[in-house]
Amino acid sequence: MPDPATAPAPKIRIATASLAGCFGCHMSLLDIDERLFELVKVADFDRSPIDDIKHCGACDIALIEGGVCNADNARVLRELRNHAKILVAVGACAINGGLPAMRNHLDVGALLKQVYLEGDGAAARVPDDPELPLLFDKVYPVNEIVRVDYFIPGCPPSADAIWKILNDLILGRMPRLEHQLLHYD
Ligand code: SF4
């Protein structure tokens, strides 16, 4: 039996998901570059596009990119909220809907009609396959659907900002971004 005093500390688990976003925030996460090697010494990835695990198990930290534009986004978000001790909204789309929320002042029915029935290359009907997730009337920030613990602003937040927050959380510190890491663009 390993000596508890010398046994390695259990790794934390991190889940990530992209909802209605462009994957730019995940690209920023990957931009921590060689620091990924430091990260995987202390953390394993749960559900994430990085490893293609489809469902989230119990985890310590969940990073959410993108807003909530359909029923599948809401299901994924709730799954991560239910399994993660700490949920972090990453980037403008998760925090306030971002670019996808530009459709919020338009009528969804009129949009579908324009795209599928009237626009260039229009199809004969609006797709209604039961496998397609129900489109919501607007794109919702994640904190309008579930409780969010922390927010990292930016479009996308820099790799340094994501790294700082991850480090703070892993080391049990109150997450804090210095002024030079705070960006909203
Ligand atoms: S915040 Fe910006 S980079 Fe991140 S998913 Fe939205 S559009 Fe992409």
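See the structure above.
A quick note: this is a predicted structure, and the numbers were derived from the prediction, not measured.

Trainee: It is not clear to me how the overall build of the protein should be interpreted in this structure. Could you clarify?
Mentor: A count of helical and extended segments in the protein gives six helices and seven strands. Beginning at the N terminus, the succession of helices and strands in the protein can be written as β-α-α-β-β-β-α-β-α-α-β-β-α. C-alpha atoms of the protein, sized along the principal axes, occupy 70 × 40 × 30 Å. Scored against the burial criterion, the 185 residues of the protein give a buried share of 42%. Expressed as a percentage of contacts within the protein between residues at least 6 apart in sequence, the contacts between residues at least 24 apart total 74%. As displayed, the protein offers around 10,700 Å² of accessible surface, 58% of which is attributable to carbon and sulfur atoms.

Trainee: How should the site of the ligand be read in this particular structure?
Mentor: With respect to spatial proximity, the complete set of residues near the ligand consists of Gly21, Cys22, Gly24, Cys25, Glu65, Gly91, Ala92, Cys93, Gly154, Cys155 and Pro156. Those elements that place two or more of their residues in the shell around the ligand are helix 1 (24-30) and helix 4 (92-96). Here the residues of the shell around the ligand are counted per class, giving six nonpolar, four polar and one charged.

Trainee: Looking at this model, I keep getting lost on the sheet that holds strand 5 (residues 84-90). Mind explaining?
Mentor: Strand pairing within a sheet occurs via backbone hydrogen bonds; the two strands may be parallel or antiparallel. Strand order across the open sheet formed by five strands is 2-1-3-5-7, with parallel pairing between neighbours. Each edge of the open sheet is held by one strand with a lone partner, namely strand 2 (43-45) and strand 7 (150-152). Across this sheet, the average inter-strand angle for adjacent strands is 25°, counted without regard to direction. Here strand 1 (residues 12-18) runs beside strand 3 (residues 59-65); their pairing, made up of five bridges, is parallel. By the bridge assignment, Ser18 is partnered in strand 3 with Glu65.

Each value, and the rule that gives it
- Residues numbered from 1 in each chain as written.
- Predicted model: local features only at pLDDT ≥ 70, side-chain atom pairs only at ≥ 80, totals over all residues.
- Heavy atoms only, no water.
- Helix = DSSP H or I, 4+ residues; strand = E, 2+ residues; numbered from the N terminus.
- Buried < 20%, exposed > 50% of the residue type's maximum accessible area, 1.4 Å probe, protein only.
- Contact = heavy atoms within 4.5 Å.
- Areas by Shrake-Rupley, 256 points an atom, 1.4 Å probe, with all protein chains shown as cover.
- Near = heavy atom within 4 Å.
- Nonpolar A, V, L, I, M, F, W, Y, C, P; charged D, E, K, R; others polar.
- Pairing = 2+ DSSP bridges.
- Axes fitted to C-alpha atoms, helices over the stretch in contact; angles between N-to-C directions.

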